[in-house]
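In case you want the letters, here they are:
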Amino acid sequence: MAEPTFRILEILAQLMVLATGTRITYSGEENIPDRGGAVVAINHTSYVDFLPAALAVHRRRRRLRFMIKAEMQDVKVVNFLIKRTRTIPVDRHAGAGAYAVAVQQLREGELVGVYPEATISRSFELKEFKTGAARMAGEAGVPIVPVIVWGAQRIWTKDRPRQLGRNHVPVDVRVGAPLRADADVAETGAALRAAMTRLLHQAQERYPHEPGAHWVPHRLGGGAPTPAEAARIEAAEAAARAEGRSPGQRR
């Protein structure tokens, strides 16, 4: 636990939570192993949902090594932190190297944080999962710990301005029982998705939602796009990137 840079970040994260009045509640944190490696699979609704997940792990006196897109290395201060916190940069066009590093860290007893959905869900429902979490857990011989963070989308998410002031936003972090990585990657992925769906619905059932609010899923009477609508937005964005134009720019 020496790692002075990581310790400073932990203190700053706790101070940030206090400064913004964010009210984080945790349940199931005893499911985070107190030793040994594990893949920590987190849902992705916000640019800041990594922080509550990392604080849940910190409460178990552990540290979470995240996988992060390689482009962030272009930001000098972020690159400095990446190098000193064992964060794993991922090149989306050539991810084999990052995958190998993650598997090695898992074998060394680290907790590696992964977003199975890869990108933020605009619908705030679970998107389709990539196979990386299941594959690396199986290869390293470690469990997968499902984690749901709910409420962070109110602070900072796609297509919306940041709300980083003292807003007293409640955030719910739920940790499920560790799952064994089966030899069948598809079965492991299905089990992980089912476990995270249960946790997500539990968090949503207890959370005070505002009817029509942009951060509330359509299924619960909110203003968020449906999963199908969100998929169409993402497809349009992908097409725009392929043509080298901005998503809203006309042909």
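You'll find the chain entered in an unreviewed UniProt entry as Lysophospholipid acyltransferase family protein, with Mycobacterium servetii given as the organism.

(A) Representation of the nonpolar core in the model. Counting residues in hydrophobic clusters, the biggest one holds 60 residues, and the most contacted among them are V39, I42, M67, M136, V147 and V149. With 6 residues, the top contributor of residues to this core is strand β6 (residues 144-150). Discounting chain neighbours no more than four positions away, the residues touching I42 are A53, L64, F66, V114, Y115, P116, E117, V147, V149 and M196.

(B) Representation of the pattern of salt bridges within the structure. If you walk through the whole model with that rule in mind, you get 16 salt bridges. Taking the shortest distance from any N to any O, the salt bridge between E110 and R65 comes out at 3.1 Å. Note that E110 is positioned in the loop between α4 (96-107) and β5 (111-114) and R65 in strand β3 (residues 64-69), a separation of 45 residues in sequence. You'll find E110 and R65 in the same group, each marked buried. The shortest N-O distance in the salt bridge between R180 and D182 comes to 3.7 Å. With relative accessibility at 29%, the residue D182 sits in the partly exposed group. Through salt bridges with shared partners, a single ionic network connects E3, R7, E10, R63, R65, R86, E108 and E110.

Rules and cut-offs
- Residues numbered from 1 in each chain as written.
- Predicted model: local features only at pLDDT ≥ 70, side-chain atom pairs only at ≥ 80, totals over all residues.
- Heavy atoms only, no water.
- Core = buried A, V, L, I, M, F, W, Y, C linked by side-chain atoms within 4.5 Å.
- Buried < 20%, exposed > 50% of the residue type's maximum accessible area, 1.4 Å probe, protein only.
- Helix = DSSP H or I, 4+ residues; strand = E, 2+ residues; numbered from the N terminus.
- Contact = heavy atoms within 4.5 Å.
- Salt bridge = Lys/Arg side-chain N within 4 Å of Asp/Glu carboxyl O.

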